[in-house]
Amino acid sequence: MDRYCVIGNPVEHSRSPWIHARFAALTGQALEYGRRLAPLGGFAATVDSFRAEAAAAGDRAGGCNVTVPFKFDAAAMAQSLSGRARLAQAVNTLRFEPDGRIHGDNTDGVGLVNDIERNAGVPLAGRDLLLIGAGGAAAGVLGPLLDTGLRRLVVANRTVDKAVALVRRHSAQALGHSTALEAWALDAVPGSFDVVVNATASSLAGDAVPVPASVLRPGALAVDMMYGRAAAGFMDWASAHGAVPRDGLGMLVEQAAEAFALWRGVRPPSAQVLAELRTLVDAA
Ligand code: NAP
């Protein structure tokens, strides 16, 4: 049996074990996927014990997903990184290679883009997008967002220096796509946008939406990376100001599908699993 898990702190709320169990069932893959709570400062030790326990039981540890707050630790632990993970300096998927080495990738960005373009039906080329946040999630999605050919992409963060650093790291990529890439403080964002993505932990913390409603163009798509009850404040704010709200459930399933394909070489039916998960979450 091949073993996988999601590692985070907190992690008990994670839907990843359910999603990967459905992917495995629908693609006929034999695997086990669990969750591991890592103590702060204890990410690498948690990965090592997960691998050692699998080996002791005669199983193979195939990889793990990484969630808050360990995406930067995972990037530091990997011995090789995909191009998108190197640019992000953040990793949400580790693959344990047969020779024992650890490969790191970041599937958050392609998950978000697939959800916006395929599931929500909003093509991003030529549009203006506001990305709120400059933590691991924002770092992971910036490169893939630029690859869609946006006209303008603004990164706004509470700690503005972090937004500036993120924008600097991606400036050559933006230039290559002729995308205007800018960094601003949360209360100083100029103009309005077709798409607004909340990649901060504000919803998780139960805090107010950290930007003024003037950033929303009429009919804008407003995506919060959170889902379930935690996303309700942002979704209500978006609806109240004439935007189309969307939670992070689609991104979650799409980034998982990309990780599953990386590990197993098989693409799972993500649209079906998203529909099933939506029913489950709405009923909760
Ligand atoms: P992180 O690395 O800890 O970064 C947190 C970010 O949120 C930073 O930009 C931080 O600003 C900002 N922030 C925190 N509280 C805030 C507040 N009250 N007001 C304004 N900004 C605030 O976390 P992360 O990994 O980026 O994750 C961010 C969120 O995205 C989490 O809620 C996570 O669950 C979600 N997420 C969802 C998916 C999905 O698939 N749906 C994938 C990835 C992440 P400072 O820099 O100023 O501290």
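Please read these numbers as outputs of a predicted model, since none were measured by experiment.

Moving on, we come to the sheet that holds strand β6 (residues 102–105). On the basis of which strands lie adjacent, the open sheet formed by 6 strands has the order β2-β1-β3-β5-β6-β4 and mixed pairing. Taken across any chain shown, the strands that pair with only one partner, and hence form the sheet edges, are β2 (31–37) and β4 (80–81). Bridge analysis of strand β1 (residues 2–8) against strand β3 (residues 60–66) gives 6 bridges, and the strand direction is parallel. The partner of Y4 across the bridge, within β3, is G63. Against the sheet, helix α1 (residues 16–27) engages β1, β2 and β3, with an angle of about 175 degrees to β2. Helix-sheet contacts for helix α10 (residues 249–264) involve β1, β2, β3, β5 (93–96) and β6, and the interaxial angle to β5 is about 10 degrees.

Turning our attention to the packing of helix α5 (residues 108–119) against helix α6 (residues 136–146). Running from N to C, α5 and α6 point in directions that differ by 55 degrees, and their axes come no closer than 7 Å. As summarised for this structure, α5 and α6 are arranged oblique, according to the angle between their axes. Relative to α6, the crossing made by α5 is right-handed. Contacts from D108, G109, V110, L112 and V113 of α5 reach α6 at G140, V141, P144 and L145.

Turning our eyes to something else, we now look at the layout of surface pockets. Quantified by volume, the largest pocket comes out at close to 1,200 Å³. Taken together, 42 residues make up the lining of the largest pocket; nearest its centre are V68, A137, A199, T200 and A201. When residues of the lining of the largest pocket are traced back to their parent elements, those giving at least two are β3, α3 (71–77), α6 and α10. Among the elements that line the lining of the largest pocket, the one with the most residues is α10, at 3 residues. Taken together, the residues that form the lining of the largest pocket break down as 20 nonpolar, 15 polar and 7 charged. Structurally, the lining of the largest pocket is a two-domain feature, drawing no fewer than three residues from each of domain 1 (2–106 + 250–283) and domain 2 (109–247). Considering only enclosed or pocket space, the second largest pocket measures out at about 240 Å³ in volume. Lining the second largest pocket are H13, R15, L204, M226, Y227, G228, R229, A230, V281, D282 and A284. Along the lines of polarity and charge, the residues of the lining of the second largest pocket split into 6 nonpolar, 2 polar and 3 charged. Residue assignment places the lining of the second largest pocket across two domains, with domain 1 (2–106 + 250–283) and domain 2 (109–247) each supplying three or more.

Okay, the site of the ligand next. If you check the shell around the ligand, you find 25 residues, and the closest are A137, N157, T159, K162 and D207. Backbone polar atom of G248 to a nitrogen atom of the ligand: 3.0 Å apart, as the coordinates give it. Measuring from an oxygen atom of the ligand, one finds a backbone N or O atom of L252 at 3.4 Å. Protein coverage of the free-state accessible area of the ligand, which is 930 Å², stands at 85%. If you map the ligand onto the pockets, it falls in the largest pocket.

Another point: the domain arrangement of the protein chain. Annotation of the protein chain at the domain level lists domain 1 (2–106 + 250–283) and domain 2 (109–247). One C-alpha centre belongs to domain 1, the other to domain 2, and the line joining them spans 24 Å. With 19 residues of domain 1 at the contact, the number on the domain 2 side is 20 residues. The contact between domain 1 and domain 2 buries some 1,700 Å² in all, and 59% of this surface belongs to carbon and sulfur atoms. Summed over the three residues of domain 1 that lose the most area to domain 2, namely L87, M251 and E254, the buried surface amounts to 35% of that side. The tally of links between domain 1 and domain 2 comes to 1 salt bridge. Our count for the contact surface shared by domain 1 and domain 2 stands at 4 residue pairs in polar contact (both at pLDDT 80 or more). Elements with a minimum of two residues in the side of domain 1 that touches domain 2: α3, α4 (83–88), α10 and α11 (270–283). Of the residues belonging to the side of domain 1 that touches domain 2, the class tally is 8 nonpolar, 5 polar and 6 charged.

Criteria and thresholds
Residues numbered from 1 in each chain as written. Predicted model: local features only at pLDDT ≥ 70, side-chain atom pairs only at ≥ 80, totals over all residues. Heavy atoms only, no water. Pairing = 2+ DSSP bridges. Helix = DSSP H or I, 4+ residues; strand = E, 2+ residues; numbered from the N terminus. Contact = heavy atoms within 4.5 Å. Axes fitted to C-alpha atoms, helices over the stretch in contact; angles between N-to-C directions. Parallel < 35°, antiparallel > 145°, perpendicular 65-115°, else oblique. Left-handed = near helix turned anticlockwise from the far one by under 90°. 1 Å grid on protein atoms, 1.4 Å probe; cavity = no way out; pocket = protein on both sides within 12 Å on 5 of 7 lines; lining within 4 Å. Points joined across faces, edges and corners; volume = space filled by probe spheres on them. Nonpolar A, V, L, I, M, F, W, Y, C, P; charged D, E, K, R; others polar. Domains from an automatic or database assignment. Near = heavy atom within 4 Å. Polar contact = N/O pair within 3.5 Å; in protein donor to acceptor, adjacent residues only side chain to side chain. Areas by Shrake-Rupley, 256 points an atom, 1.4 Å probe, with all protein chains shown as cover. Sits in = over half its atoms within 2 Å of the grid points. Buried area = accessible area lost by both parts, 1.4 Å probe. Salt bridge = Lys/Arg side-chain N within 4 Å of Asp/Glu carboxyl O.

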